Structure formats: structure tokens, C-alpha cells
Amino acid sequence: MACDVATRTALAASALLWLLLASSRSVECAKRRQARASRQVETRTGPTDEQVWDSGLIEKEMSYVTLMERGREYYEDTASRRFNNFVLGYVTPWNRAGYVHAVTFRHKLDAVAPVWFQIKQQEGQKAPDILGAHEVNQTWISELKQGGKGPLVVPRFIVEAEPLQHVEMLQNPQALLDAIRTTVLEHGFDGLVLETWAAWKSFNGLSNEQFRAAALSLLGALGQMLHGLGNKKLYLAVPPIYPAGEKTPWIETKDLDEMSKFVDGFSVMTYDFSTSQGRAGPNAPIDWVNMNLQLATGKLPMATAAAITPLTENALRKVLLGVNFYGWDFAPERQGLSAVTANDLMGLLQRHQPVLSWSTDFEEHSFQYKDREGYQHTVWYPTPRALEMRLQIAREYNVGISIWELGQGLERFFDLL
């Protein structure tokens, strides 16, 4: 009996000791989790003497801490260029950082396109309205120009109209030309970016021979008019040549060849690859970006490319490969989708402290996290390494780039330009 009591006492003591140890371990784990959750990474900003190549931001394996600490810095020499082909950068009124970046890194930019103007045609109205003049900032333009030595200022004009209004504009092209001429001269712009091709294609207008002829005639007259005003420039925003999902192209090489006679550059939208297909994934997979230029030059080894005429040299040198400075946050379980800017990225990294993953197939970084409701998110956002891969492709084909948009990206991106 005494032996049984001793045994039970020993077992009870052992159990108590185990509980104490387990509790101690739980407390320590909780402390570590709390310390991790409360860790605040200091984001460095402004100029630095450390080049991007020495920052750890070009690596495949990169921690969120490195990205947070060094992604918002930039190399102190903002006058030197690494990418010597043409660079067009967009800025938007809803992201004021773009205006600041355009001035800070003006020596790395050949043209800046503020997203300011909308062209609208009211039903029955003879002349279209050009809206957006209230956004024009001459003080900023002066800072950007720095005595005429800065980049060209070529605001984007987007046509926002129903199909019938598009037809009415083409039936009376002189009214549109006069309205654009007045706006350009009044504000002293160096030209413009026109975005209308995708709209024309969306309602099959370009499938109609008369509509197509009128559309090309308008673009030709617009280019001629601008060139006659002191060689002002006309850039055209166009869909990718090789569309996502291998759909029928919204623009063909023959279109670009024909328009290259009067257009100074084609801002090709080689981004939004996954969102355009309604699914989560990379923004601009490297193979897809490459295919667009392979197709343009007749180097794409596929049956569908056999019937496609390569671009002439004149058209190819006017291609501006689209580069995204933003990312996407996908939450498929809740059908969520939101754009991610540099500021958004810093907040996500701080809150969730994720593991960054590099895709060798897509040449992009991504990470995952769960929101407060337990839904899984996947974020694809460009990093300096991803940008450099796309700049290398542009160099290989000797084309320029167009950036959407300057205020959404990390300051370190500009070190690569």
C-alpha cells in the first residue's frame, strides 16, 4: 500500500512538472510570436550612396525586411542613366507621388504623360468636349522642364464615348483636331498620348472598312497637325500584340506599320496578363512579354506566327514596351482584387511579414497572407529584379519602355533606368 502511494505521488509530481514545462514553452512561444508581430521595420527613404546592386534587392531569395528597409531608397546620382532607350512615364492625379518622382528622376525620362484629359462627345453635338484642364499644373511643368532640359510633357487624352459618339467624331474629324490643337497650344504641351484604339476595337468598329479608314485617316491627320506645330509628338496607347490567353489580337503588326508613318511611338500595354483573364497570377509573365516582341520581329517559333508580317524597322523602333510599377492583391475565395502601390506594399509587408517567393517561370516575386477573416491572399508586385529582367528584353530588341505609372513604384526602380 505504501508503495502504491509513493508511486502515485511520483506520477503526480511528474505530471505537474510536465505541465509546468509545457506552460513555460507556451509562454515563450507566445512571447516570440508577440515580438515578431510587434517588430517594426524601419523603411529608409531618400538618397543613399548604396547602389541597387549592393542592396540585396536584385536577388531571387529576398526577405521582406530587405524589401522594406531598402526598397524606398534611391541612389544619390539621379542624373546618370543605365537604360538608354526611350522612356515614357505616366503620372496620375490620384497618385501625387508620381509628380514628385517625375521631377526627382527627370534625367532618366524622355517623356512624361500626365493622365489629365478626357474627350467626350455629347449626342447631337457637333464638336467634342475636352475635359480635364483643371488638372494642368504649370508650376510642376516648370520644375520638370528645368529651363527646357527636362522630358517632354505629353498628356494622355482618352476618348470616353459610346460607339455612336465615336462614329460622330470620325464623321467630323476637323472639330476634334481643332479642339486638340487649341488645348495643346494653350498649355504649351510637347504633344500627347492618345488612347482610343482599344475602345474602337471593343465594339468591333475597326472590323468595318469605312470606320477603319476614317479612324486611320484621323490619326494620320492628327500626327501631321502635331508635327506641323513645331514637331510636337503623337504617341498611341495600344493593346499588346500577343494578347493574354492567346485571344484574337486587338492590334496587328500591319496596323502598327501603317500608323508608324505618322505616330512617334506606341505605348504597348504588356501588363495585366492575369487580371485580363479574370484569374490570380503574375502581372507580366516574362515569356509573354518576350513573345510580344518575338511576334513583332518574326522570331516567334509557332504556327500562328507564320502568317504575321514582322514590323518594319521604322515601326519597331517606335515600340515602347509597357512596364508596370504596380501589383495586384488577389483573394479568390472572396472574389477580391485590388491594385497594390508601393505604399500599399509596405503596409502589407509590415502587417503580415510574409515569405517572398520568386517564380522562375514568370520572373516575378509574390507572397501570400491571410486577412483578419481568414481569407487567403496572393500578392504579385514587381521588384527591382523583375524590372531588370524586362529592361533586358527591351535592350535585346532595341525598343523603349512606357511605365504605368511613376507614383506606384518603389524608388529603387529608378536606379535601373
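Residues numbered from 1 in each chain as written. Predicted model: local features only at pLDDT ≥ 70, side-chain atom pairs only at ≥ 80, totals over all residues. Heavy atoms only, no water.

Caption draft 1: Up close: the overall build of the chain. In terms of helices and strands, the chain carries 13 helices and 17 strands. The burial tally for the chain puts 53% of its 417 residues in the buried class. (Helix = DSSP H or I, 4+ residues; strand = E, 2+ residues; numbered from the N terminus. Buried < 20%, exposed > 50% of the residue type's maximum accessible area, 1.4 Å probe, protein only.)

Caption draft 2: Geometry of the sheet that holds strand β14 (residues 357-359). One open sheet accounts for five strands, arranged β13-β12-β16-β15-β14; its pairing is antiparallel. The open sheet has two edge strands with one neighbour each: β13 (336-340) and β14. Neighbour-to-neighbour, the strand axes of the sheet open up by a mean angle of 25 degrees, direction not taken into account. Relative to strand β16 (residues 376-380), strand β12 (residues 327-331) runs antiparallel, the two sharing three bridges. Within β16, the residue paired with Phe 330 across the bridge is Thr 378. Together, β12, β13, β15 (364-370) and β16 form the strand contacts of helix α12 (residues 342-352), whose direction differs from that of β15 by roughly 50 degrees. (Pairing = 2+ DSSP bridges. Axes fitted to C-alpha atoms, helices over the stretch in contact; angles between N-to-C directions. Contact = heavy atoms within 4.5 Å.)

Caption draft 3: Quick look at the pattern of salt bridges. Taken as a whole, this structure holds 16 salt bridges when the rule is applied. The shortest N-O distance in the salt bridge between Asp 190 and Lys 145 comes to 2.5 Å. Placement of Asp 190 in the loop between α6 (173-187) and β8 (191-195) and of Lys 145 in helix α4 (residues 138-145) is noted, with a sequence separation of 45 residues between them. Connected through salt bridges with shared partners, the residues Glu 50, Arg 70, Glu 73, Arg 412 and Asp 415 form a single ionic network. (Salt bridge = Lys/Arg side-chain N within 4 Å of Asp/Glu carboxyl O.)

Caption draft 4: Structural detail: unusual backbone geometry. Cis rather than trans, the peptide bond between Trp 404 and Glu 405 has omega equal to -25 degrees. Locating Glu 405 in the fold gives a position in the segment after β17 (400-404). You will see that Asn 204, though not glycine, has its phi angle at about 65 degrees, which is positive. Structurally, Asn 204 is set in the loop between α7 (197-202) and α8 (209-228). Assessed through its relative accessible area of 52%, Asn 204 is described here as exposed. Positive phi outside glycine occurs at Glu 363, with the angle close to 60 degrees.

Caption draft 5: Fine view of the nonpolar core. Counting residues in hydrophobic clusters, the biggest one holds 107 residues, and the most contacted among them are Trp 140, Leu 194, Met 259 and Ile 401. Tallying contributions element by element places α8 first for this core, with eight residues. If we ignore the near neighbours within four places in the chain, the residues touching Leu 194 are Ile 119, Phe 157, Val 159, Leu 219, Leu 222, Leu 234, Tyr 235, Leu 236 and Ala 237. Grouped together as the second largest cluster of nonpolar side chains are 16 residues, Tyr 235, Tyr 326, Trp 328 and Trp 380 included. (Core = buried A, V, L, I, M, F, W, Y, C linked by side-chain atoms within 4.5 Å.)

Caption draft 6: View of the packing of aromatic side chains. Scanning all chains against the criterion turns up 20 aromatic pairs. Ring centres 4.2 Å apart and planes at 5 degrees place the aromatic pair Phe 105 and Phe 414 in the stacked group. Of this pair, Phe 105 sits in the loop between α3 (97-104) and β4 (111-120) while Phe 414 sits in the segment after β17, placing them 309 residues apart in sequence. For Phe 105, a relative accessible area of 1% gives the class buried. (Phe/Tyr/Trp six-rings, centres within 6.5 Å; stacked < 30°, edge-to-face > 60°.)

Caption draft 7: How the structure looks around the side chain of His 365. Relative to the helices and strands, His 365 is located in strand β15. Polar contacts involving the side chain of His 365 include one to the main-chain carbonyl oxygen of Lys 60, which spans 2.8 Å. A polar contact of 2.8 Å, which involves the side chain of His 365, links it to the side chain of Thr 383. Those residues within four positions of His 365 in sequence are excluded, and the remaining contacts are Glu 59, Lys 60, Met 62, Leu 356, Ser 357, Trp 358, Val 379, Trp 380, Tyr 381 and Thr 383. (Polar contact = N/O pair within 3.5 Å; in protein donor to acceptor, adjacent residues only side chain to side chain.)

Caption draft 8: Structural context of the pairing of β4. Counting buried positions along β4 yields eight of 10 residues, so the element is predominantly enclosed. By the bridge criterion, four bridges tie strand β3 (residues 87-91) to β4 in an arrangement that is parallel. When the sheet's bridge partners are listed, Tyr 90 is paired in β4 with Ala 113. Bridge analysis of β4 against strand β6 (residues 152-153) gives two bridges, and the strand direction is parallel. Bridging from a neighbouring strand, Ala 111 pairs with Leu 152 of β6. Sheet topology places β4 next to strand β5 (residues 129-131); three bridges connect them, and they run antiparallel. What sits directly across from Ile 119, in β5, is Ile 130.

Take it as geometry only, folks, not as evidence of what the structure does.
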